[in-house]
Amino acid sequence: MLQGKSILLGVSGGIAVYKAAELVRLFVKEGASVHVVMTANARQFVTTLTFQALSSNPVGCDLFSIESESRISHIEKAREADLVVLAPATANLMAKMAAGIADDYLTTILLATTAPVLVCPAMNVKMWEHPATRRNLKTLTELGYRVEPPAVGFLACQEEGAGRLADISNILESALRLLTPPTLEGRKVLVSAGPTREHFDPVRFLSNPSSGKMGYALARIAARRSATVTLVSGPCSLEAPARVERISVTSAAQMRDAVLNLSACQDAIVMTAAVSDYRPAEVSPRKIKKSPGQLSVVLAPNPDILASLGAAKPSGQVLVGFAAETENVAENARDKLMRKNLDLIVANDLTKEGAGFGAETNEVKIMGASEETSLCLMTKEEVAERIWDRVEKLLASGKN
Ligand code: C5P
């Protein structure tokens, strides 16, 4: 996800420095070239060797190093970076940045760079809450720095509160967002995800093995492209992606209410949810007692949410459905595209290895009225990227 990107990681002196080592590993794993710059205080906690080994690049420390300054390296480093991440950013570093002080290698680079800068503070809770830090934080935001707020929890100083370095996965997501062109800025999108549960008594239900991964990937990528994202999710174990409003539902009827309530104002709707086609006609208020012999449950059809959306589609809205099939994939998908009045349908063959329910990957066809693309097996995030590319094309053309 970070292939070809150059990230400068500024590390200042706090106990969370050890977590910055993990961050380097993650950035490198995602394909970024990482250059670490450490303040003198950071080097009291961890040596440069750790960061050099993890990044496979020399670590910058000394503004007056004869070797590097023969190339005016602080300016060079400031120019090369696509993104600067400061983790951990101490109260002291934030104060210097707010004042525009450039008295060491890192702060000099910070004045010289034009790349976006993501500040990830970590400090004692009292320091975080101090009016001077609050003021500096406000100044940094006004100056255009992005801030990944610290997490709340147990701190190294044995106190409890805000001040822990944000989760590494949140820092990675914010970094990805800053490096992603905001092609869906100003757009409202709704994604449905996961299975639905249709109870026939308080402890038993009808459902399917949908993990929600495809829908959550779509929501995450749309947020990364700066859309305003609502995720209507059936029961699943995934965490809500950053900057996504999640509405949790259980049954198809609840999903329909949540989706239809918000549908009219959306620029695009992608229904990935594996909605149960049927629900028990009657729901017992008490657990049905086990008894010898067979138990019959009569099923009633559920409303087709996507078909309702298609029937009432406002002009300009892009409506996308999914078709999970086990036979005649393209024919069945094309039939749904027409019948449900969709702009795109994403068809996948559930019998293929690595595709469909629960997998990390998917192999799909994206089909529109006039354009059909067969994608090879790829991660669900990559599939999500391709789907949003097509949606953006349709939104731009205004032809849907
Ligand atoms: O007709 P089929 O269930 O195969 O259609 C799949 C598509 O329709 C998916 O996008 C799914 O989210 C949506 N759907 C729905 N309401 C239903 C059944 C499916 O919105 N009751």
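Residues numbered from 1 in each chain as written. Predicted model: local features only at pLDDT ≥ 70, side-chain atom pairs only at ≥ 80, totals over all residues. Heavy atoms only, no water.

K.L.:
Describe the overall build of the protein, naming the residues involved and giving the relevant values.
P.N.:
Within the protein, the regular secondary structure consists of 15 helices and 21 strands. Seen through its C-alpha atoms, the protein measures out along the principal axes to roughly 80 × 50 × 40 Å. Taken across its 400 residues, the protein has 50% of its residues classed as buried. Carbon and sulfur atoms form 51% of the exposed surface of the protein, whose accessible area is close to 19,400 Å². (Helix = DSSP H or I, 4+ residues; strand = E, 2+ residues; numbered from the N terminus. Buried < 20%, exposed > 50% of the residue type's maximum accessible area, 1.4 Å probe, protein only. Areas by Shrake-Rupley, 256 points an atom, 1.4 Å probe, with all protein chains shown as cover.)

K.L.:
Outline the site of the ligand, supporting the account with residue identities and numerical values.
P.N.:
Surveying the vicinity of the ligand reveals the residues M271, A273, V275, D277, P303, D304, I305, L306, G321, F322, K336 and K340. P303 is positioned with one of its backbone polar atoms (N or O) 2.9 Å from a nitrogen atom of the ligand. Here the ligand has 450 Å² of accessible area as a free molecule, and 87% of this is covered by the chains. Among the elements of the structure, α13 (305-311) and β16 (318-325) are those that each provide at least two residues to the shell around the ligand. Within the shell around the ligand, the residues separate by chemical class into 7 nonpolar, 1 polar and 4 charged. (Near = heavy atom within 4 Å. Polar contact = N/O pair within 3.5 Å; in protein donor to acceptor, adjacent residues only side chain to side chain. Nonpolar A, V, L, I, M, F, W, Y, C, P; charged D, E, K, R; others polar.)

K.L.:
Outline the domain arrangement of the protein, listing residues and values.
P.N.:
Segmentation of the protein into domains returns domain 1 (6-178) and domain 2 (188-277 + 300-399). On a C-alpha basis, the centres of domain 1 and domain 2 stand 38 Å from each other. Both faces considered, domain 1 and domain 2 share a buried interface measuring about 550 Å² in area, 43% of it formed by carbon and sulfur atoms. Three residues stand out in domain 1 for area buried against domain 2, namely E173, L176 and R177, and they jointly supply 87% of the buried area on that side. Connecting domain 1 to domain 2 are 1 salt bridge. Measuring nitrogen to oxygen at the nearest pair gives 2.8 Å for the salt bridge that ties E173 to R224. Scanning the region where domain 1 abuts domain 2 turns up 4 residue pairs in polar contact (both at pLDDT 80 or more). Residues of the side of domain 1 that touches domain 2, tallied by class, amount to 1 nonpolar, 1 polar and 3 charged. (Domains from an automatic or database assignment. Buried area = accessible area lost by both parts, 1.4 Å probe. Salt bridge = Lys/Arg side-chain N within 4 Å of Asp/Glu carboxyl O.)

K.L.:
I'd love a proper account of the environment of K213, names of residues and values included.
P.N.:
Inspection of the secondary structure assignment puts K213 in helix α11 (residues 213-224). Residue classification places K213 among the partly exposed positions, given a relative accessible area of 22%. With 20 residues separating them along the chain, K213 and A193 place their C-alpha atoms 7.8 Å apart. If we ignore the near neighbours within four places in the chain, the residues touching K213 are L238, G358, A359, E360 and K380. (Contact = heavy atoms within 4.5 Å.)

K.L.:
Now, about the sheet that holds strand β11 (residues 228-233): what can you tell me, with residues and values included?
P.N.:
Read across the open sheet, the 8 strands follow the order β12-β11-β8-β13-β16-β17-β19-β20; overall the sheet is mixed. At either margin of the open sheet sits one strand with a lone partner, and together these are β12 (244-248) and β20 (372-374). On average, each strand axis in the sheet is tilted by 15 degrees relative to the strand beside it, whichever way the strands run. Against the sheet, helix α14 (residues 329-339) makes contact with β16, β17 (344-349), β19 (364-368) and β20, and its axis sits at roughly 155 degrees relative to β17, the strand it touches most. Across the face of the sheet, helix α15 (residues 380-397) comes into contact with β8 (188-193), β13 (268-271), β16, β17, β19 and β20 while running at roughly 10 degrees to β19. (Pairing = 2+ DSSP bridges. Axes fitted to C-alpha atoms, helices over the stretch in contact; angles between N-to-C directions.)

K.L.:
Provide a residue-level description of the pairing of strand β7 (residues 160-164), including the pertinent values.
P.N.:
Two strands pair when backbone bridges link them, and strand β6 (residues 151-154) and β7 are joined in this way by 4 bridges, in the antiparallel orientation. Bridged to G153 within β7 is G161. Adjacent in sequence and paired antiparallel, β6 and β7 are bridged by 5 residues, among which Q158 carries a positive phi angle near 70 degrees.

K.L.:
Before we move on, can you summarise unusual backbone geometry with the specific residues and values?
P.N.:
A cis amide bond links A87 to the next residue, P88, at an omega of -5 degrees. Relative to the assigned elements, P88 resides in strand β3 (residues 83-89). Backbone geometry at S56 places phi at a positive 60 degrees, although glycine is not the residue there. Counting through the fold element by element, S56 comes out in the loop between α3 (48-55) and α4 (66-69). S56 gets classed as exposed once you look at its relative accessible area, which sits at 63%. A positive phi angle, near 75 degrees, is found at S226, a position not held by glycine.

K.L.:
So what's going on with α15? Residues and values would help.
P.N.:
Spanning 18 residues, α15 covers 26 Å between terminal C-alpha atoms, matching the ideal 26 Å at 1.5 Å per step. Among the residues making up α15, those that are buried are K380, E381, V383, A384, I387, W388, R390, V391, E392 and L395. (Expected span 1.5 Å × (residues − 1).)

K.L.:
Just give me the short version of the side chain of T133, but keep the residues and values in it.
P.N.:
Tracing the sequence through the fold places T133 in helix α9 (residues 131-142). Judged by relative accessible area, which is 8%, T133 ranks as buried. Within the structure, the side chain of T133 is placed 2.7 Å from the backbone oxygen of M127, a separation counted as a polar contact.

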